[in-house]
Amino acid sequence: MQDELSPAGILPAAARRFGEATALVTATRSLTYRELDAESDRVAAGLLARGLRPGRPVSLYAQNRWEWVVAYHGALKAGAVVNPVNVMLTPEELAYVLGDCGAAAVFCSAEQAAGVVELTRDLPGLGTVVAFGAGGAPEGALGFDELLAAGAAAGPVPAPEIDPVGPSTIGYTSGTTGHPKGAVQSHRAVLLNCAMTATMHGRTADDVVVTALPAPHVYGNVVINSIFMVGGTVVLMERFAPGEALRLIGEHRATMFEGVPAMYAAMLADPALDGADLASLTRCTVGGQTIPNTTVERWERRSGARLIELWGMTEISGLGTTHALHAPPVPGSIGVSLPGLQVRVADLTDVTRDVPPGEPGELMVRGPLVMIGYHGRPEATAETIEPDGWLHTGDIATMTDTGHVFVVDRRKDMILTGGYNVYPAEIERVLAAHPAVAMVAAGPVPDPVKGELACAYVVLAPGASATEEELVAFTAGSLAAYKRPRLVRFVDDLPKTSTGKIMRRELIKRFTP
């Protein structure tokens, strides 16, 4: 196999270079690079023995676990196209994804397997359901241990023929309306994203990364595989819990923690923070949504480690911008483009025109990280990728003359109040600085006069108190009158995706009286 062509070559190369070094640590098992490589070889052989044809999609539908990582690399080694699936999908949503991509096999937890087997009755092309876990597989499914045993008996598999610009992964977006779309990512895009991320963040074999980012998400995938490329160790949490994350950082002498803004806010508000040992951290990363500068400052002050912002999306296989480790910090910026990726800020009414430095427009990207297209959706692909290759991101941003990008907000999240555009992230950044606020999200509520009003949904810090009037007044010194929230609702928690990103569009549904 030519390791430089595909993410399928990451583990073979790492096994040769790092052998017995610890690659992956989970609550149930730790594996060396040699063990990870061997186990994924068995998955590949087992899938091929069951008739999997190269180029067919293989879906992964489970929480973070060592078996998920092994299955991901095994499927790639078998020449399959990997379809990582959000574990929060309902059975109906899962059935759509499996049918839309034409999955030939699906890996899932033992608890989910019976339901997945039921789905296969209407999906004749899906021939194999593999259940993770030691509790045994239900009727119609194959146990993961059985697949490994079959692979061991089958022996070595030939290296797949790989087209670097051919499909490697189909990652489904979380679309706000209708069915999700499957972004088809090339081998080259996935591999380059991991390699460039490792380079920008200065990752080495000495790094130990604690992460709870879901492996099916592109951010989680890049975190794991960029560390595998350099021979470091990934400590993978099944799901995020702030106190447990703090404990694992100290226990494993982690050099990095990687997460989304809500994770840092939760750790800073957790009672375990006072006794946490964070001295081993050298830098951390944050992406997925805009993060208030005050949260960055509080984490850096408490941990002593730089918090590096980044930005990415499913359609580019992971990151698109971040900061180089040794470059001067630029607070509030998502950084500069990854090497090889072009970034520009386009006029909101004329996509062919760039806006001047400092003016807001739509962030657009072009280059080898951009997806091949949406699976089976040529019209949606044409709407998203311009004929000259520029991809619409849907993010409103500004750019400096040094190439540093500042995200204003998602274009679809904009609040239109009395003819003015209000961006939720601006409200969130200001309110997050209030000492009583642990987490905050902003969104629109209908208004018969102004169309929409900005509403802030606030989770108070433990033991803290505040009033609606106090918080609205707090924004007066930082926001123009039309940008200030007109309502504040105090809530116990905020709706989040599987990655921990706050779902602004769910706020009004969840909390409307």
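Throughout, residues of each chain are indexed from 1 in the direction in which the sequence is written. Per-residue local features of the predicted model are confined to residues with pLDDT of at least 70, and side-chain atom pairs are confined, for both listing and counting, to 80 or more; whole-chain, interface and lining totals are unaffected and use all residues. In computing side-chain values, all of the structure's heavy atoms are included and hydrogens and water are not.

Asker: Give me the overall build of the protein chain: which residues, what numbers.
Answerer: A tally of regular secondary structure across the protein chain gives 15 helices and 26 strands. C-alpha extents for the protein chain along the principal axes are approximately 70 × 55 × 45 Å. Contact criterion: two residues are considered in contact whenever any of their non-hydrogen atoms come within 4.5 Å of each other. Restricting the contact set of the protein chain to residue pairs at least 6 apart, pairs at least 24 apart contribute 64%. Neither His nor the chain termini are counted; the positive set is Lys and Arg, and the negative set is Asp and Glu. Where a charge lies is defined by one atom per residue type, namely NZ (Lys), CZ (Arg), CG (Asp) and CD (Glu). Between the centroid of the 41 positive side chains of the protein chain and the centroid of its 55 negative side chains there is a distance of 1 Å. Secondary structure counts use DSSP, requiring at least four H or I residues in a row for a helix and at least two E residues in a row for a strand, with both numbered from the N terminus.

Asker: Quick rundown of the pattern of salt bridges? Include the residues and the values.
Answerer: Put simply, a salt bridge is a Lys or Arg side-chain nitrogen that is within 4 Å of an Asp or Glu carboxyl oxygen. Scanning all chains against the criterion turns up 19 salt bridges. Of the charged contacts, one joins Lys77 and Asp37 as a salt bridge, the two residues approaching to 2.4 Å between their closest N and O atoms. With Lys77 in helix α3 (residues 66-77) and Asp37 in helix α2 (residues 33-49), the pair connects residues that are 40 residues apart, well separated along the chain. Taken as a pair, Lys77 and Asp37 share a single burial class, namely buried. A salt bridge links Asp41 to Lys77, with the nearest nitrogen and oxygen atoms 2.9 Å apart. Linking Asp41 in helix α2 with Lys77 in helix α3, this pair joins segments that are 36 residues apart in sequence. Three exposure classes are used, based on accessible area relative to the maximum for each residue type with a 1.4 Å probe and protein chains only: buried under 20%, partly exposed in between, and exposed over 50%. Since its relative accessible area comes to 4%, Lys77 is described here as buried.

Asker: Lay out the packing of aromatic side chains in plain terms, naming residues and giving numbers.
Answerer: Planes of paired rings set the category: under 30 degrees apart is stacked, over 60 is edge-to-face and the rest tilted, where pairs are Phe, Tyr or Trp rings (Trp by its six-membered ring) whose centres lie within 6.5 Å. Within this structure, the stated rule accounts for 10 aromatic pairs. Ring centres of Trp66 and Phe144 lie 5.9 Å apart, and the angle between their planes is 70 degrees; this geometry places the pair in the edge-to-face category. You can see Trp66 sitting in helix α3 and its partner Phe144 sitting in helix α6 (residues 144-154), a full 78 residues away along the chain. Classification of Trp66 by relative accessible area gives buried; the value is 8%. On the basis of relative accessibility, which here comes to 2%, the residue Phe144 falls in the buried class. Geometrically, the ring pair formed by Phe257 and Tyr264 is edge-to-face, given 5.6 Å between the ring centres and 90 degrees between the ring planes. Every member of this aromatic cluster is reached through a ring pair, and the members are Trp66, Phe107, Phe132 and Phe144.

Asker: So what about the nonpolar core? Which residues, and what values?
Answerer: Joining through side-chain atoms within 4.5 Å is the link that ties buried Ala, Val, Leu, Ile, Met, Phe, Trp, Tyr and Cys residues into a set, and such a set is a nonpolar core. Within the largest apolar cluster, 105 residues are counted, with the highest numbers of intra-cluster contacts made by Leu24, Leu36, Phe107, Phe144, Phe228, Phe257 and Trp299. Sorting elements by how many residues they give to this core places α3 first, with 8 residues. Leave out the neighbours within four places in its chain, and Trp299 touches Leu246, Tyr264, Met267, Leu268, Leu278, Leu281, Cys284, Gly304 and Leu307. Counting 24 residues, the second-largest nonpolar core is a separate cluster that includes Val106, Ala113, Leu123 and Tyr172.

Asker: Run through the pairing of strand β11 (residues 233-236), naming residues and quoting values.
Answerer: The side-chain alternation of β11 yields two buried faces, one formed by Thr233 and Val235 and the other by Val234 and Leu236. Should DSSP find at least two bridges between two strands, the strands are regarded as paired. As paired strands, strand β1 (residues 22-25) and β11 are joined by 2 bridges and run parallel to one another. Counted as the bridge partner of Val25 is Val235 from β11. As defined by bridge partners, strand β10 (residues 208-211) adjoins β11 across 4 bridges and the pair is classed as parallel. Looking at the pairing, Val208 lines up with Thr233 of β11. We call a crossover right-handed when, viewed with the strands running away from us, the connection from the first strand over the helix to the second turns clockwise. Regarding topology, helix α8 (residues 218-230) serves as the crossover connection from β10 to the parallel β11, and that connection is right-handed.

Asker: Would you mind going over helix α10 (residues 261-269) in detail, with residue names and values included?
Answerer: Each α-helix turn comprises 3.6 residues. Residues three or four places apart therefore point the same way. Across the 9 residues of α10, 8 count as buried, placing the element largely inside the fold. Contact partners of the buried residues in α10: α9 (242-251), β12 (256-259), β13 (283-286), α11 (293-303), β14 (306-313) and β24 (437-447).

Asker: So what's going on with helix α13 (residues 424-431)? Residues and values would help.
Answerer: Burial of α13 is extensive: 7 of the 8 residues sit out of reach of the surface. Within α13, the full set of buried residues consists of Pro424, Ala425, Glu426, Ile427, Glu428, Val430 and Leu431.

Asker: Run through the environment of Cys101, naming residues and quoting values.
Answerer: The residue Cys101 is located in helix α4 (residues 91-101) in this model. When the C-alpha atoms of Cys101 and Val58 are compared, they prove to be 9.1 Å apart, with 43 residues separating the residues in sequence. Apart from residues no more than four positions distant in its own chain, Cys101 is found in contact with Pro57, Ser59, Asn83, Ile170, Tyr172 and His375.

Asker: Report on the sheet that holds β24, specifying residues and quantitative values.
Answerer: Strand pairing within a sheet occurs via backbone hydrogen bonds; the two strands may be parallel or antiparallel. Strand order in the open sheet formed by 3 strands is β24-β25-β26, and the pairing between neighbours is mixed. What marks the edges here is a single partner per strand, and that holds for β24 and β26 (487-490). For this sheet, the mean inter-axis angle between neighbouring strands, taken without regard to orientation, is 25 degrees. In this structure, strand β25 (residues 451-460) lies alongside β26, joined through 4 bridges in parallel fashion. Paired with Val458 across the bridge in β26 is Phe490. Contacting β24 and β25, α13 crosses the sheet at an angle of about 145 degrees to β24. Axis definition: a line fit to C-alpha positions, over the contact stretch in the case of helices; interaxial angles, taken between N-to-C directions, run 0 to 180 degrees.

Asker: Please provide a residue-by-residue account of the environment of Pro12, values included.
Answerer: For Pro12, the location among the structural elements is in helix α1 (residues 10-18). Along the backbone, Pro12 and Leu36 are 24 residues apart, and their C-alpha atoms lie at a distance of 9.2 Å.

Asker: Describe the sheet that holds strand β21 (residues 405-410), with residues and values.
Answerer: Pairing is antiparallel in the open sheet, where 4 strands are placed in the order β17-β18-β20-β21. Edge positions in the open sheet fall to β17 (342-346) and β21, since each of these has one partner strand only. Mean inter-strand twist for the sheet, computed between neighbouring axes without regard to direction, equals 45 degrees. As paired elements, strand β18 (residues 361-366) and strand β20 (residues 391-399) share 4 bridges and run antiparallel to each other. Each residue of the ladder has a partner; that of Glu362, found in β20, is Ile396.

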